[in-house]
Amino acid sequence: MTLLTVLTYPDPQLKIESEPVSKFDDALRIFIADLEQTMRASPGGVGIAAPQVGCTQRIVIVDVSSKPKIQQHGRLILINPEIEQWEGMAKGREGCMSVPDFTGNVIRAERIHLKAQDEFGEFHQYDMQGYEARAVQHECDHLDGLLFLDRLVSRRHDLFPRKKV
Amino acid sequence: MKWYMLTLVGKDRPGIVAHVTSALFEGGCNLGETSMLRLGGNFTIMMMVSFNGNKHALQDMITGVAESLGLQVHIDAIDAKLHQHIEPDVSITVYGADRAGIVAKVTGALSEVGFHILDLESDVGGTEAQPIYVMYIDGKANEGIEAVEATLDLIRQEGIEVHLTPIDTMVG
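Before going into details, it helps to say that this report is about the structure given with it. Just so it is clear, the model here is predicted, and its values are computed rather than measured. (Residues numbered from 1 in each chain as written. Chains lettered and ligands numbered in written order. Predicted model: local features only at pLDDT ≥ 70, side-chain atom pairs only at ≥ 80, totals over all residues. Heavy atoms only, no water.)

**Considerations on the pairing of strand S5 (residues 90-97) of chain B**
All names here are of chain B. Where S5 lies against strand S7 (residues 131-141), eight bridges are found, and the strand directions are antiparallel. Bridge assignment links Val94 to a residue of S7, and that residue is Met135. Relative to strand S8 (residues 161-166), S5 is paired through six bridges, and the arrangement is antiparallel. Bridge pairing in S8 links Thr93 to His163. (Pairing = 2+ DSSP bridges. Helix = DSSP H or I, 4+ residues; strand = E, 2+ residues; numbered from the N terminus.)

Pasting the structure below:
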């Protein structure tokens, strides 16, 4: 496996919209293994998207299993992911391997329903919430050339977080 | 390049930031991290300025624009670096009927449990007859969030509303 170089803003490749994956072959699975190793090599990294390493294909990896006491699906390989339903809003702090030494608040949907393929092309459906849903929304944004910087809200002036329903 | 902390304070009016930062840019300065906000009808600016000259040269550069805008100027040479952020892990909001000593009481309790304040802003709302005090704090709980919660419980018993929210930054 190979550690891939993570592109950092203002690299223009981070702003490119990625193409759907159509070939589910060994080359794809080797790339995914490298991408996952790159994510795990980054301190605190719980997700990565292919465009972060210069590959503009709709491939995302998320694994929030290191976080205690949250609902989550473990290691997720999400290819051609489509968020089909959104519900609720929550403000949370985000950082990004492609934006070092800066974190900021972003509003994300609290719960999402997601459809995606795995590395063999099989379709899966997921219902997720909270931290995991935030990570998936952050990574899916990368596939559309969006960074969390595009969605920043004030670090202050939101007196108390809304009660979760 | 040397770093200076440049502080400017004066009666608020539109255009202060544009005029001040233009003068600094034309004088060859670069800005680092800054904080600029309106406090009680005054506009306050604190900014890291990198400049390849001495304090007097920086003072001369800013005096004209500061006088024209009615701003007081203070300059300190500082030992500073960019890219030294500490990531907060707790956000605390405090509110209550305004009374003397809220800030001292809350921050004193936080200090005793090793809480490191990274960002604090406070405001007074309500009416003149019934002012309310609101404070936002972001910081790092060096001795754990449980210790902070325990000390804030004591504050709550004195009728001050305090909310603690852990910050779990998602890095993707």
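**Regarding helix H1 (residues 16-26) of chain B**
Residue and element names in this part refer to chain B. By the burial criterion, the buried members of H1 are Ile16, Val20, Ala23 and Leu24. Take H1 and look down its axis: the buried residues cluster within an arc of 100°, on one side only. Exposed residues on H1 whose side chains face more than 90 degrees from its buried face are Phe25 and Glu26. If you follow the buried residues of H1, they end up packed against strand S1 (2-11), strand S2 (30-39), strand S3 (42-51), helix H2 (55-69) and strand S4 (71-78). Taken from the residues just after H1, Gly28 is the one with a positive phi, measuring 90°. (Buried < 20%, exposed > 50% of the residue type's maximum accessible area, 1.4 Å probe, protein only. Arc of directions from axis to C-beta. Contact = heavy atoms within 4.5 Å.)

**Side note on the sheet that holds S4(B)**
Whenever strands of a sheet pair, they do so through backbone hydrogen bonds, lying parallel or antiparallel. Residue and element names in this part refer to chain B. Overall, antiparallel pairing links the four strands, which are arranged S2-S3-S1-S4 in an open sheet. Single-partner strands in this sheet number two, and they are S2 and S4. Neighbouring strand axes in the sheet, compared pairwise and without regard to direction, differ in orientation by 15° on average. As defined by bridge partners, S2 adjoins S3 across eight bridges and the pair is classed as antiparallel. Within the sheet, the bridge partner assigned to Thr34 lies in S3 and is Met47. Contacts between H1 and the sheet are confined to S1, S2, S3 and S4, with S3 contributing the most and set at about 20° to the helix. (Axes fitted to C-alpha atoms, helices over the stretch in contact; angles between N-to-C directions.)

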